[in-house]
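Architecture and fold: a report
Letter by letter, the chains look like this.
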Amino acid sequence: MSFVEYAEFIQDGDVAIIFMSHDSMFPVKVQQGGQTQTRYGVIRHSTDLIGRRFGSKVTCSKGGWVYVLHPTPELWTLNLPHRTQILYTTDIANITMMLELKPGSVVCESGTGSGSLSHAILRTIAPSGHLYTVEFHQQRAEKATEEFGEHKVGHLVTVLNQDVCKDGFGVTGVADAVFLDIPSPWEAIGHAKAAMKRRGGRVCSFSPCIEQVQRTCAALAEQDFGEICTLEVLLRVLDVRAVSLALPDLGKEDEGGLPATPNATVTCRTAMPPREMAGHTGYLTFATKGPV
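Fair warning: this is a prediction, and the values are worked out from it, not measured in the lab.

1. Description of the nonpolar core
Soluble globular proteins tend to bury their nonpolar side chains together. One finds Ile-95, Leu-99, Leu-122 and Phe-179 to be the most contacted residues of the largest nonpolar core, which totals 45 residues. If you list the elements that add at least two residues to this core, you get β1 (15–21), β6 (65–69), α3 (89–98), α4 (116–125), α5 (138–150), β10 (177–180), β11 (202–207) and β15 (283–289). In terms of residues, this core owes the most to one element, α4, which gives five residues. Every residue in contact with Ile-95, bar those within four places of it in the chain, is listed here: Leu-87, Leu-117, Phe-179, Cys-204, Leu-284 and Phe-286. With 21 residues, the next largest nonpolar core counts Cys-108, Ala-188, Ala-195 and Leu-220 among its residues.

Here is the structure:
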């Protein structure tokens, strides 16, 4: 099992996603002799998981069933243990696209946090790219290193435990793109520029407050970055449902010559907006390094 290569069968030591419904799933580390409790009963790893295909429908001890899914960055974002506030797929999709990431890209990231964006970057730049990710907090850096190893992506990433604003990314002149998710990104713009390749390259900064964006844009301009732009991504998911609509009574006969049916209704499918929706997550500021 690897987060960047699909495996067909579940093996001892793999991470699998136990899927009960779209709003109820969780990760489990498969272990010989292990057991996992669910509301549908026990899942026995040795007999119910190991050797089965990813995507299988597994019956629990109480008769209920679950699906066992292969982990992906999208599923991991929904199920990972939160050590920090994380980025979700809505922002991640824009970041990976706007930074122009592709297989073979070299990326610098700070901070690592819970690793939500890191896994998406690794899947995008595999098999020949590399991620240099910097985390200020020692325990979080150690835990991220451990998870990358368990998820079979450790060869694609280097985790550094240091202050990016003071010590930079530990590399110079190699990065195609830089991502910043730190309280004062303007203090790391110089280090981001130094880490990037001599010509071109993109940088992105994620900040929840517009005052942070203002200072970051000013720092980018001072460092001769161009194409500076800031955007905010808002996701509104529409619920497709069946609704009954009243037919208007125009007082005329129908095509068969019979009187119109009073209080007639028709059932149709439509998309309904939610009563509540997730609002502001953060501002994404992008810029391009100019030629040197």
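Moving on from the model shown.
2. Structural notes on the side chain of His-151
Topologically, His-151 is positioned in the loop between α5 and β9 (157–160). In contact with His-151, other than residues within four places in its own chain, are Met-1, Ser-2, Phe-3, Val-15, Trp-76 and His-119.

3. Observations concerning the pairing of β9
Pairing geometry for strand β8 (residues 130–134) and β9, over four bridges, is parallel. By the bridge assignment, Thr-133 is partnered in β9 with Val-159. As for the winding sense of the linkage, the β-α-β connection from β8 through α5 to β9 is right-handed.

Calculation rules
Residues numbered from 1 in each chain as written. Predicted model: local features only at pLDDT ≥ 70, side-chain atom pairs only at ≥ 80, totals over all residues. Heavy atoms only, no water. Core = buried A, V, L, I, M, F, W, Y, C linked by side-chain atoms within 4.5 Å. Buried < 20%, exposed > 50% of the residue type's maximum accessible area, 1.4 Å probe, protein only. Helix = DSSP H or I, 4+ residues; strand = E, 2+ residues; numbered from the N terminus. Contact = heavy atoms within 4.5 Å. Pairing = 2+ DSSP bridges. Right-handed = clockwise from strand over helix to strand, strands pointing away.

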